[in-house]
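Observations on the model geometry
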Amino acid sequence: IIDGSLYQLTQTVTNRRLSTYENVLTINTAVSNIYRHMYTCTVINALGRNSKTVIASPLPRVTISSTGTPTAGESFSLTCSVTLEDGGLLTEDLTLQWKAPVDTSMDRNITVVNDTSTETRTSTIHFTPVRTSHGGQYTCRATTTAGMDMATEALTVQIPPPTLAMSRDPDATVTLRNGDPLTLTCTI
């Protein structure tokens, strides 16, 4: 491909009964997205033709980020972001899958939202609220025609201290004298 036009690399091999011949086309990964296409090598001789096609495309790169520390009873999110290793645009088919320790489709406190913008594709798991049963390993896997990448995040749900109540018997309206009994009750 030169300036967006198709470039044909042709090499003729003659006067050989059995031969192995290679033509190498090297594409630097830093070049623009116009090189992300199918490439076909075709051999033609008097007996016919044979072709092989490959898809040249950078591999996906997966990262997982979160909205802070997961605390039981509060909202929390994990976001899987996918980019291409060369920083290019995700224009090809992409499959994003979460592997979670809980069935996200059966838990009404969990929603999964996929964003299909072209620069970065994301899939976010929202916990509203997060529970201790949501803890475990969450793996996001991205697959394209070029290959696969995945990232794993360990989710440990923090439990806040319980709410305490304290009562007094007799109540505070009663004046106690030295030696009178007093009972204090702490309830969780």
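Look above for the structure.
Going along each chain's sequence as written, the residues are numbered from 1 onward. For this predicted model, a pLDDT threshold of at least 70 governs which residues receive local features, and a threshold of 80 or more governs which side-chain atom pairs are given and counted, while totals over whole chains, interfaces and linings are taken from all residues. Heavy atoms from the whole structure form the basis of all side-chain values; hydrogens and water molecules are not counted.

What about unusual backbone geometry?
Cis rather than trans, the peptide bond between threonine 128 and proline 129 has omega equal to -5°. Every helix listed is a DSSP run of H or I at least four residues long, and every strand listed is a run of E at least two residues long, numbered separately from the N terminus. Tracing the chain through its elements places proline 129 in the loop between β7 (121–127) and β8 (136–143). The omega torsion across aspartate 169 and proline 170 is 0°, close enough to zero to call that bond cis. Positionally, proline 170 belongs in the loop between β10 (165–169) and β11 (183–187).

Considerations on the packing of aromatic side chains
The aromatic pairing rule takes the rings of Phe, Tyr and Trp, using the six-membered ring of Trp, and pairs them if the centres are within 6.5 Å, calling planes under 30 degrees apart stacked, those over 60 edge-to-face and the rest tilted. Counted under the stated rule, the structure contains 2 aromatic pairs. Centroid distance phenylalanine 76 to phenylalanine 127: 6.1 Å. Interplanar angle 35°. Geometry classified as tilted. You can see phenylalanine 76 sitting in strand β4 (residues 76–84) and its partner phenylalanine 127 sitting in strand β7, a full 51 residues away along the chain. For the pair formed by phenylalanine 76 and phenylalanine 127, the shared burial category is buried. Consider the rings of phenylalanine 127 and tyrosine 138, whose centres lie 5.8 Å apart with planes at 85°: the pair is edge-to-face. Highlighted residues: phenylalanine 127 in strand β7 and tyrosine 138 in strand β8, separated in sequence by 11 residues. For phenylalanine 127, a relative accessible area of 0% gives the class buried. The classification of residues rests on relative accessible area computed with a 1.4 Å probe and restricted to protein chains. Under 20% of the type maximum is buried, over 50% is exposed, and intermediate values are partly exposed. According to the relative accessible area criterion, tyrosine 138 is buried, its value standing at 0%.

A short note on the sheet that holds strand β9 (residues 148–155)
A pair of strands counts as paired when DSSP detects no fewer than two bridges linking them. Spatial strand order, β5-β8-β9: 3 strands in an open sheet with antiparallel pairing. What marks the edges here is a single partner per strand, and that holds for β5 (95–99) and β9. Across this sheet, the average inter-strand angle for adjacent strands is 15°, counted without regard to direction. Here β5 runs beside β8; their pairing, made up of 5 bridges, is antiparallel. Opposite threonine 95, over in β8, you have threonine 143 as the bridge partner. Orientation is described by lines fitted to C-alpha atoms, with helices fitted over the stretch in contact, and by angles between N-to-C directions that extend from 0 to 180 degrees.

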